[in-house]
Every structure is written in structure tokens, then in C-alpha cells.
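Listed below are the residues making up each chain.
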Amino acid sequence: MGYNFNAIEQKWQKYWKENKTYRVIENGDKEKFYVLNMFPYPSGAGLHVGHPLGYIASDIFARYKRLNGFNVLNPMGYDAYGLPAEQYAIQTGQHPAITTEQNIKRYREQLDKIGFCFDWEREIRTCDPEYYHWTQWAFIKMFNSYYDNKENRCKPIEKLVEKLSKEGSAGVDAACTKEIEISAQQWNSMSWKEKEETLMNWRIAFLNETMVNWCPKLGTVLANDEVVDGVSERGGYPVVQKKMKQWCLRVSAYAQRMLDGLDKIDWTESLKETQRNWIGRSEGTEMQFHVKESDTVFTIFTTRADTIFGVTFMVLAPESELVAKLTTEAQKNAVEEYIDRTKKRTERERIIDRNVTGVFTGSYAINPITGEEIPVWVSDYVLSGYGTGAIMAVPAHDSRDYAFAKHFGIEIRPLIEGCDVSEESFDAKEGIMKNSPTATFSACKLKLNGLTVKEAIAATKKYVTENNLGRVKVNYRLRDAIFSRQRYWGEPFPIYYKEGIPCPVPEECLPIELPDVEKFLPTESGEPPLGHAKIWAWDSVNNTICDKEKIDNKTIFPLELNTMPGFAGSSAYYLRYMDPRNHTAIVSEKADNYWQNVDLYVGGTEHATGHLIYSRFWNMFLHDIGVSVKEEPFQKLVNQGMIQGRSNFVYRIKDTNTFVSYNLAKDYDVTPLHVDVNIVSNDILDIEAFRSWRPEYANAEFILENEKYVCGWAIEKMSKSMFNVVNPDTIVEKYGADTLRLYEMFLGPVEQSKPWDTNGIDGCHRFLRKLWNMFFDKDDNLCISNNEPTKEELKSIHKLIKKTTEDIPSFSYNTTVSAFMICVNELSSLKCNKRAILEQFIILLTPFAPHICEEIWEALGHNTTVCDAKWPMYNEEYLKEDTITYTISFNGKARFTMNFAADAGKEEIESSVLANENTKKYLEDKPVKKMIVVPKKIVNIVF
RNA sequence: GCGCCUGUGGCGAAAUUGGUAGACGCGCCAGACUUAGGAUCUGGUGUUUUGCGACGUGUAGGUUCGAGUCCUAUCAGGCGCACCA
């Protein structure tokens with residue numbers, strides 16, 4: 001019978017389930033270890049062979065840690081809310097709740113076949129009210145918090161109210177939408193409604209009317225990370241800018257902390273760099289410019305304060321409120337026309353078409369240092385969302401300003417010695433300053449001539465600050481996250497509207513469950529589907545949801561119609577796994593203190609600027625309000641690479657039904673066609689399978705080479721349309737889960753992207769069969785001896801113990817698998833059947849191939865699961881060599897080898913090498929300058 | 001444009017602090033056992049040469065007794081950010 005993997009795997013999967021082998025409970029006696037995978041959203045296509053890569057890698061780590069005595073949390077769940085799940089439902093014309101349920105079921109079946117050690121009792125689903133209770137709860141907490149810049153943490157909004165009523169805005173240094181100045185008196189005389197409207201300026205979760213990424217096709221707004229190159233990440237539909245009132249999260253308040261936190265966590269440098277870029281810290285100066293013949297003052301932001309003498313025009317973003325203020329009667333028509341034109345362009349059009357456009361407002365600003373009059377223009381190359389939406393333009397030292405100045409014929413005034421600005425601007429922040437104004441502006445005390453750019457920036461900053469012309473300012477590219485979606489399939493907001501003011505429902509009334517609606521499709525105009533819900537009003541007397549028709553705006557109010565975006569549910573799920581069935585808190589203090597944060601997080605790099613930013617923000621917020629003990633949620637992060645598909649092609653001769661083999665195809669006029677990789681083996685086409693694959697190929701003719709049809713191939717994305725999808729179920733059926741696990745790891749480094757190629761899998765399968773045959777004879781009888789192991793056998797197994805113990809923590813799984821293969825080859829050529837050796841081998845292999853190890857472990861007479869075995873220790877004694885071969889080299893060129901006893905000293909080796917006949921012959925009369933002995937490796941004689 | 005990463009056989013890939021390449025697996029070649037084999041086992045397999053040997057880690061230099069590894073320049077591929085002032 002031999003190695004019957006199907007029976008073995010079914011048996012043990014059933015055993016694990018029935019005996020709850022992988023259930024984990026908080027246990028203070030054991031050290032904890034928290035392993036986590038980014039949970040999947042259950043798509044309709046099911047798993048392909050690339051998905052489990054990360055799960056297998058972390059499963060191995062989890063099992064390894066468990067064998068080393070740790071209490072390991074390794075949970076799994078589903079990110080079931082959000083656009084992908086909903087789009088799939090829409091495409092198949094079903095209710096998302098139904099498709100989600102189906103897809104989860106299918107995912108679970110596929111996952112179960114691979115033999116993971118997930119504790120399924122802790123499973124969570126983001127669309128489960130029990131779960132999103134705490135998403136809504138966190139939102140209310142954010143609504144009721146503000147960020148104190150001085151203390152660098154968020155605090156309850158009541159503290160802010162207290163300050164406002166005592167000191168007004170003067171006492172407030174907090175993250176805000178815009179700077180507001182009010183006195184305590186003004187605040188205290190405000191109505192409830194006015195106060196609420198004012199507080200929106202500081203809340204962490206706030207309602208704001210801003211320009212948003214509107215995607216008409218998806219019928220919803222999108223966050224910045226959901227828009228790529230001006231089209232939606234999901235579906236690739238055009239995105240336009242639109243002013244809308246939306247819920248936002250004040251992520252930007254945490255920008256500096258998120259930046260600083262990166263130094264404390266163990267992520268790859270490239271991922272940290274991506275986040276640093278996304279946060280986009282830039283240190284500069286804000287300066288105030290007065291407008292000529294007007295009271296208006298406006299502020300600009302620049303990183304090049306040193307170039308203040310080179311300013312020859314100012315530019316406002318078209319969306320800026322200043323435009324209307326500064327436009328003169330004479331220019332009114334031209335400006336309005338320009339703004340109309342820019343509004344109509346989508347983000348994408350603006351990216352593609354970079355022609356210089358702009359219009360003069362008619363106004364002049366006064367240079368705060370020189371008093372010079374500078375024309376103010378409007379142009380869409382200035383962004384309203386960054387800095388202050390207004391810039392001072394220095395065409396000599398900024399390429400965008402340069403293009404603008406050239407186009408409109410504005411003066412270009414170079415400020416750096418020796419730079420040539422006749423063809424292009426000089427953007428580099430280097431050189432010696434020149435052209436500071438002298439006689440003309442004698443009042444000006446700022447002299448920059450002769451300074452380096454760096455010194456000049458510092459000097460200008462100092463001057464500006466001391467003379468109250470502006471201030472030093474740090475700007476971040478990171479924007480606040482837009483948190484509303486005009487979609488059905490998401491968490492409803494726990495918010496009702498009283499006199500148009502949003503009010504959170506009482507915490508004890510959570511969760512507010514997603515209502516049933518007749519029509520859940522999104523609309524192009526942006527009417528949220530929850531508008532169709534009948535039972536969707538808030539009865540503030542009985543604290544319950546009630547029929548919409550009862551709304552009287554006295555005690556019964558309308559509820560928010562938007563839903564939360566996909567990242568809402570995925571931002572704190574790792575906390576919930578610690579205590580998933582807690583009805584009174586997101587996580588108990590006890591569980592939080594025990595599990596702390598995720599020790600090892602495994603997932604794709606595509607979440608670098610989405611989920612991994614939001615999660616860190618969300619966790620920092622929860623940390624501030626005393627929920628999560630750690631500030632950073634994911635201590636170590638490993639990005640598994642993508643598994644690409646390897647497509648195969650057949651070559652059809654044009655206008656025929658004849659297919660020509662790959663190497664002969666160049667002689668014909670052919671069309672390459674994708675062919676299902678599952679009917680191709682080692683690039684050889686299974687002709688019969690091909691004929692029955694599609695009716696039109698039933699009578700296909702072939703031109704063969706060496707009596708075979710050879711297919712071409714290419715590396716492409718794994719997808720249905722390329723016919724290169726490999727389903728893990730097929731592999732498990734044919735080779736077993738243990739082989740699949742081994743092979744996925746053997747394929748290459750976990751972090752690296754690589755194509756899937758089923759061909760190599762035989763090697764891993766052979767290894768397991770070989771292993772099996774070491775334990776069992778042809779009649780399936782255990783044939784193991786209890787004899788003492790030999791020195792060689794001990795050496796072989798201890799080499800393996802050392803290798804696995806060192807490699808698993810560093811994720812070098814591919815070399816670990818190689819080490820297993822080498823060890824089996826060594827042991828089988830030694831004809832080793834010693835229990836003492838093989839038993840240790842089984843423990844070492846358990847993380848990789850748990851099913852076969854359980855089976856053998858049981859056959860060896862153990863009545864406990866191998867998952868609880870003790871990881872063996874290696875003994876250096878066994879690894880020592882008796883003799884060591886040294887390479888004798890002359891001036892770095894190797895000539896011959898010599899053997900020495902392992903404990904031979906340096907002197908001994910040197911003298912024997914010099915006394916050796918070969919050495920003498922080679923050296924003849926050449927004097928030896930020096931001799932280098934590298935232990936265990938080489939003796940180099942330099943002459 | 002700025003930043004980060006990666007370049008090693010026919011293929012996936014190994015290579016402690018620089019220590020004298022290509023482990024392991026696939027594929028290929030030869031042999032054995034077979035009626036047969038997409039089975040199993042054994043041996044071989046970087047290039048070049050009959051052989052000794054020579055040459056080989058994208059390219060060109062440098063440091064060193066010795067470089068895949070360190071330094072400089074350059075090329076190619078991938079990723080991130082990008083009218084961010």
C-alpha cells in the first residue's frame with residue numbers, strides 16, 4: 001500500500017477537529033506568541049495555489065513555536081464587508097449576504113484540506129454584527145475624541161469643551177480642519193447647534209465638506225489609496241473630484257507618531273520607506289503675504305524660504321477660497337471661465353495633459369521682505385489639499401514655476417551663483433546665494449548673498465519668525481481618510497441626525513445592524529442604498545431603531561445612510577481575535593495584556609498604504625484611549641511574494657485546425673492560443689485531453705516534434721482568462737497536503753514573487769515517500785530498531801536539528817526543506833532505522849508536513865499528538881569532524897588539498913604545509929611573505 | 001524626476017563574519033529492472049578543451065593574499081511616490 005496520503009490526511013484532519021488540538025486559551029504559565037495572516041476577503045473565485053503561501057509559512061512558524069513550548073495564537077477569519085464582496089454579488093445578481101456566506105464556505109473547505117493549525121473557535125467575520133459592534137464602538141469613540149498636539153495623544157472631547165469654555169481657542173493646540181479663533185465668551189454664548197458644528201473642527205471622526213474622489217461607476221467615494229492613476233483600484237473606473245460632505249478620520253493627526261513608530265518595528269526597509277513616502281513629511285516655512293490695496297492676507301507654504309527674493313508671481317489653487325476674494329472686476333470673466341474648465345477635468349485628464357494653464361487674478365501681493373509687488377495667478381498645478389493651496393513661485397529654482405513663467409512671459413530671477421536658467425530651472429538645493437536686494441530695498445535686513453542654500457533657508461526662517469512674517473511649519477502629504485461609502489454592504493454608522501447635527505447612538509445600543517433593503521445596488525448619482533431601508537430611524541426615547549415614517553425630528557430622527565468603507569472592519573481585527581466572543585468589550589484587559597500585539601504578521605505588500613496605515617492609526621487611537629496596550633499592532637511583518645501563473649500556449653496555423661509544436665512554429669504563420677495548464681505536463685501537451693477540452697478542438701491535427709507536442713510558455717498573472725489557474729484542491733488530491741505545503745515552501749524564499757510551476761512537485765512527493773519507506777516495509781509493517789545510533793547517524797540528524805532551529809525563525813524555509821531531503825538521503829544510504837534518530841526527524845518535520853508526521857508518530861507508539869512533542873536540541877559534539885580538509889592555495893590560486901586532525905593548531909598546520917613536497921615543488925626558491933590559515937577552509941601562502 | 005529592491009546554469013534556487021561558486025529540487029543524458037511506463041533505482045550534468053587546464057555570479061573598474069559578498073561608475077528589470085511648492 002505504501003504512503004497513502006489521502007487516507008492519512010483525512011484521518012488526522014478529523015482527529016484535530018474532534019480533539020480540538022489547536023484550541024488555544026490564555027495561559028500565564030506559558031510564553032505567548034501571536035502569529036497572524038492578513039485575513040482574506042472571500043472572493044467568488046475560491047483559492048488558487050498562490051493564496052495559501054503566506055498561510056503555510058505562518059502555519060509552519062506557529063507549529064514551530066508551539067513545539068518550542070510557546071502558547072501560540074494563530075487565528076483566521078474573513079474580511080467580508082466592502083467593495084470586492086459587494087461587486088461580486090452585483091455581478092452574479094445575488095444578495096451579498098448570500099454570496100459572502102457561500103464564498104466563506106468554499107474558502108473554509110479549501111483551507112481545511114491543507115491542514116492548518118488555526119483555532120477556528122476564534123473565527124471572526126467583519127460582517128457579523130457581533131464583530132462590527134466594535135467597529136461602530138470605535139467610531140463613536142473617535143467621534144468623541146480630539147487630538148492634543150502638546151501631549152501628543154487623543155483625549156475626550158469634553159476636555160476640549162472645558163478648555164474652550166474657559167480660555168477659548170487660545171488655550172487649544174489640537175489637530176483641526178482649519179484654524180479657528182474664538183474667545184471663551186463667544187463659545188459660551190453659542191447655541192448647542194453652533195457648538196456642535198464648531199466641534200467638528202477637532203473631532204477625530206468628523207463630518208467635512210471636501211473635495212473627494214468620486215467614482216460614478218462604483219457609485220461611491222474612495223479613499224486616496226483606493227485610487228491608482230486616476231482610476232479606481234477596484235474595477236479601474238474613472239474617478240472625478242467632487243465636493244461632498246463626508247465622514248472623515250483625522251489620520252493626519254497621527255502622522256508624526258506613525259512616522260516615528262516605524263523605527264520601532266521590524267518591517268522590511270522598503271515597506272517602511274513606502275509608508276514614509278505616503279506620510280510625506282516636509283519641513284518648511286509658512287509666510288504671510290498682504291494683498292495690495294486690500295486687507296486680505298494669505299499664507300503660503302514653501303520649503304525654499306531662501307528663494308524669497310526670486311519670487312516673481314504667486315499662484316492659487318483653483319479651488320482656493322482666496323480666488324474669489326482676489327479676482328478683480330476686470331479679470332472676473334477670465335477667472336471664472338478658467339475655473340469652470342478645470343472643474344470638468346478628471347484627475348486622470350489632469351495627469352495625462354500637463355500643458356501649462358492659468359489665469360491672472362488682477363491682484364498683486366506684497367513681498368513681506370522686500371515690499372515688491374507680485375502678480376497673483378490661478379493655476380491647477382497648485383493643489384488645494386496640500387499646504388495652504390497657495391504658493392510663492394520662484395521660476396528660477398522650481399521646474400513647474402519655470403514652465404509657467406516661460407509660458408506667460410514672467411521674469412525669471414536666478415539666485416544661485418553660476419546657475420544657468422536660460423533652458424531650465426536650477427532645482428537642486430545646493431550652491432551659493434546671490435542677487436539679494438541691496439540698495440533698492442534698503443529697509444531689508446535679510447542678506448543671503450554668499451551663504452549656502454542650507455544656511456540661507458535657516459537664516460530666512462529665523463528672519464521670518466523674528467519679524468512675525470510667518471512661522472516654521474511641518475507639512476504632511478498624508479490626508480485624512482474619507483470614511484463614508486454610498487454603498488450597501490458595509491457597517492452602518494451608529495449616527496442619527498438631530499437638527500441636521502450628527503449624534504452618536506448610545507454605546508449600549510450597539511450594534512446598529514445593517515437593515516434589509518429591497519434595492520442594494522449603488523447609484524451613479526450617489527444616493528446611498530440605505531435610503532431604501534424602511535426600518536431606519538432612531539427613536540431616542542426608547543433607544544431603538546424604528547420605522548422611517550415615524551420621523552418627527554423631535555424624538556425620532558433619521559439615521560445616517562452611508563456605510564463604512566472596507567478598511568473599517570479590517571483595522572482592529574487582530575485585537576478581536578484575542579477575545580472574540582466578548583460581549584462587553586472589544587477585548588478584555590486580561591486578554592489584551594496577555595497577547596499584547598501581533599508578533600508575526602504575514603501578508604502582501606499591496607496593503608502598504610491602505611490597511612497597514614489605517615491599522616496603525618486605529619491601534620494608536622485605541623492605545624490612547626487605554627484599550628490596546630501596545631502602540632504598534634504588528635511587531636514583525638513579513639511580506640509574502642505573489643505567486644504568478646505560468647501559462648502555456650499552443651500554436652494554431654492560421655485558418656486551419658492544425659497545431660504545430662513550439663520549436664517548429666517559426667516556420668508557419670501561427671496564432672498562439674492559451675491552453676489550460678492542467679492538460680500540459682512539463683510543457684508537453686496531453687493531446688487527447690486537448691481534443692476533449694473544447695468541442696472546436698475535437699478534430700484538431702498536430703505537427704509534432706520527437707512525437708510530442710511541445711507548448712510555449714510565459715509568466716503572467718494567475719487568472720481564469722489565461723487558463724493558468726492551479727487549484728490547491730487538485731494538488732492535494734494528487735499529491736497530498738503535506739507535499740503541497742513542502743513544495744510551496746521549496747519553491748523559493750517566501751518574500752519573493754515567483755511563478756507557480758507544478759512540475760517540480762514530484763521531488764517533494766518523492767521525499768515523503770522515501771521517508772515513509774524508512775519506517776514501513778512493503779507490507780506496511782513498522783520496521784524500526786531500538787539499537788544505539790552510530791556516530792554518522794547522530795551527526796546527520798544533529799546537522800538537521802541545527803539547520804532547522806536556525807532557519808525557521810529567519811523564514812529560510814526553502815533551504816530547510818533542502819536540509820530535510822539531504823538528511824533523508826544520508827540516513828537512507830546509511831540504512832538507518834534507529835528509533836532514536838528517526839523520531840527526532842519526525843518532530844522536526846512536523847511544522848512542514850503535519851499529517852504524515854502524526855501518522856508515523858502514532859505508529860511509533862505515542863498516544864499524544866506530535867504537535868505537543870518537544871523540539872530537539874542539537875549537540876555540537878556530534879557535529880565535530882575528525883579530520884578537516886584544507887585547500888592549499890598560492891597567492892589565492894588553489895593548488896591542492898591536505899587533511900588535518902580537527903584539533904590541529906595553526907602552527908602545526910603551517911609547518912606541515914611548508915614541509916609538504918607539493919608545496920616545496922611549487923614554491924621552489926620563492927620566499928614566503930606570509931601565510932593565512934582560515935580555520936576549516938584554506939591555507940593561503942603569499943609569496 | 002525622487003526613493004527602495006533585485007540581477008548567479010536549460011529552470012526554481014543555495015553559498016556563516018569576504019575564504020575560493022552552483023547545495024537541494026526540476027529538466028536533460030546514460031545505465032539497471034521491466035511486456036510496458038509520465039513508475040522505481042544507480043551514475044552524470046556551468047561553459048570550453050581529447051586531456052592538463054582556462055574561463056565563469058548583468059557590465060567596467062577598485063580595495064584585498066582572496067570578492068557573488070565590500071567600494072565607485074554603469075546597464076537592465078521590478079516596486080513605491082510624484083505638478084506635494
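Remember, predicted model here, so these are calculated numbers, not experimental data.

Account for the state of the cysteines, naming residues and giving values.
The full count for this structure, using the stated rule, is zero disulfides. Free cysteine Cys-154: the closest other cysteine sulfur is in Cys-176, separated by 16 Å. A relative accessible area of 1% means that Cys-154 is categorised as buried.

Hey, could you go over the nonpolar core for me, with residue numbers and the actual values?
Core analysis: the largest hydrophobic core is formed by 190 residues, its most contacted members being Phe-841 and Leu-845. The residues contacting Phe-841, other than those within four sequence positions of it, are Phe-767, Leu-771, Ile-797, Leu-800, Phe-820, Cys-823, Val-824 and Leu-827. Val-315, Trp-377, Val-394 and Cys-419 belong to the second largest nonpolar core, which has 51 residues in total.

Just give me the short version of the side chain of Thr-99, but keep the residues and values in it.
By secondary structure assignment, the location of Thr-99 is in helix α4 (residues 96–112). At a separation of 3.1 Å, a polar atom in the side chain of Thr-99 contacts the main-chain carbonyl oxygen of Pro-96. Excluding residues within four positions of it along the chain, Thr-99 makes contact with Ala-85, Tyr-88, Ala-89, Thr-92 and Gln-94.

How would you explain the pairing of strand β34 (residues 893–901) if you had to name every residue and give the values?
Both strand β33 (residues 883–890) and β34 contribute to a ladder of eight bridges, which runs antiparallel. Bridge pairing in β34 links Thr-887 to Thr-897. Connecting the antiparallel pair β33 and β34 is a turn made up of two residues, with Asn-891 showing a positive phi of about 50°.

So what's going on with the protein's contact with RNA strand B? Residues and values would help.
Every one of the 45 residues lining RNA strand B counts as a neighbour, but Thr-303, Arg-400, Leu-747, Gln-752 and Asn-940 are closest to it. Here a base nitrogen of RNA strand B sits 3.1 Å away from a polar atom, N or O, in the main chain of Leu-383. The contact in question runs from a phosphate oxygen of RNA strand B to an N or O atom on the side chain of Asn-825, over 3.5 Å. Top contributing element to the surface near RNA strand B by residue count: helix α25 (residues 813–829), with six residues. Taken together, the residues of the surface near RNA strand B sort by class into 16 nonpolar, 19 polar and ten charged.

An account of helix α1 (residues 5–18) is requested, with residue identities and associated values reported.
Look at α1: 20 Å from first C-alpha to last across 14 residues, which is about the 20 Å you get at 1.5 Å a residue. In this fold, the buried residues of α1 make contact with α2 (52–67), α21 (728–735), α22 (737–746), α23 (761–775) and α27 (850–859). Of the residues one or two after α1, Lys-20 is the one with positive phi, at around 45°.

Quick rundown of the confidence of the model for chain A? Include the residues and the values.
Looking at chain A, pLDDT values average 90 and 98% of them are 70 or higher. Taken element by element, chain A is modelled with least confidence in helix α13 (residues 347–352), mean pLDDT 64, and with most confidence in helix α5 (residues 129–143), mean pLDDT 98. The ipTM for the predicted assembly is 0.93, set against a pTM of 0.92.

An account of the pairing of strand β23 (residues 598–603) is requested, with residue identities and associated values reported.
A large share of β23 lies buried, amounting to six of its six residues. The sheet contact formed by strand β1 (residues 32–37) and β23 spans three bridges and is parallel. Within β23, the residue paired with Leu-36 across the bridge is Tyr-601. Taken together, the five bridges between β23 and strand β24 (residues 634–639) define a ladder with parallel strand orientation. Bridged to Val-598 within β24 is Phe-634. Read from β23 through helix α19 (residues 611–624) to β24, the crossover connection turns out right-handed.

Got a sec to walk through the pattern of salt bridges? Specific residues and values, please.
By the definition in use, this model includes 54 salt bridges. Of the charged contacts, one joins Glu-411 and Arg-413 as a salt bridge, the two residues approaching to 3.1 Å between their closest N and O atoms. Salt-bridge contacts for Arg-646 lead to Asp-757; the nearest nitrogen and oxygen are separated by 3.8 Å. Highlighted residues: Arg-646 in strand β25 (residues 643–653) and Asp-757 in the loop between β32 (754–755) and α23, separated in sequence by 111 residues. By relative accessible area, which is 26% here, Asp-757 ends up partly exposed.

Describe in detail the sheet that holds β34, supporting the description with residues and values.
The four strands lie next to each other as β34-β33-β36-β35, forming an open sheet whose pairing is mixed. Whereas interior strands pair on both sides, the edge strands pair on one side only; in this sheet they are β34 and β35 (930–934). The average undirected angle you get between the axes of adjacent strands in this sheet is 20°.

Explain α2 to me, and be specific about the residues and the numbers.
Between its terminal C-alpha atoms α2 stretches 22 Å, which fits the 22 Å expected from 16 residues at 1.5 Å a residue. Most of α2 sits out of view: 15 of its 16 residues are buried. Looking one or two places after α2, you find Gly-69, whose phi comes out positive at around 90°.

Now, about the packing of aromatic side chains: what can you tell me, with residues and values included?
Pairs of aromatic rings are described using the distance from one ring centre to the other and the angle between the two planes. Scanning all chains against the criterion turns up 67 aromatic pairs. Measuring from centroid to centroid gives 5.8 Å for Phe-139 and Phe-483, while their planes differ by 5°, and the two rings are stacked. One end of the pair, Phe-139, is in helix α5; the other, Phe-483, is in the loop between β17 (481–482) and β18 (495–498), and 344 residues separate them in sequence. By relative accessible area, Phe-139 is classed as buried at 0%. We classify Phe-483 as buried; its relative accessible area is 0%.

How would you sum up unusual backbone geometry? Please name residues and give values.
Residue Leu-510 is joined to Pro-511 through a cis peptide bond whose omega torsion reads -5°. Tracing the sequence through the fold places Pro-511 in the loop between β19 (501–504) and β20 (537–539). A positive phi angle, near 55°, is found at Asn-152, a position not held by glycine. Along the chain, the position of Asn-152 falls in the loop between β3 (145–148) and β4 (153–156). Given the relative accessible area of 40%, Asn-152 is considered partly exposed. In this structure, Gln-596 takes a positive phi of about 60° despite not being glycine. Counting through the fold element by element, Gln-596 comes out in the loop between α18 (589–595) and β23. Taking the relative accessible area as the measure of exposure, Gln-596 reaches 24% and is therefore partly exposed.

What counts, and where the lines are drawn
Residues numbered from 1 in each chain as written. Chains lettered and ligands numbered in written order. Predicted model: local features only at pLDDT ≥ 70, side-chain atom pairs only at ≥ 80, totals over all residues. Heavy atoms only, no water. Disulfide = S-S within 2.5 Å. Buried < 20%, exposed > 50% of the residue type's maximum accessible area, 1.4 Å probe, protein only. Core = buried A, V, L, I, M, F, W, Y, C linked by side-chain atoms within 4.5 Å. Contact = heavy atoms within 4.5 Å. Helix = DSSP H or I, 4+ residues; strand = E, 2+ residues; numbered from the N terminus. Polar contact = N/O pair within 3.5 Å; in protein donor to acceptor, adjacent residues only side chain to side chain. Pairing = 2+ DSSP bridges. Near = heavy atom within 4 Å. Nonpolar A, V, L, I, M, F, W, Y, C, P; charged D, E, K, R; others polar. Expected span 1.5 Å × (residues − 1). pLDDT = per-residue confidence, 0-100. Right-handed = clockwise from strand over helix to strand, strands pointing away. Salt bridge = Lys/Arg side-chain N within 4 Å of Asp/Glu carboxyl O. Axes fitted to C-alpha atoms, helices over the stretch in contact; angles between N-to-C directions. Phe/Tyr/Trp six-rings, centres within 6.5 Å; stacked < 30°, edge-to-face > 60°.

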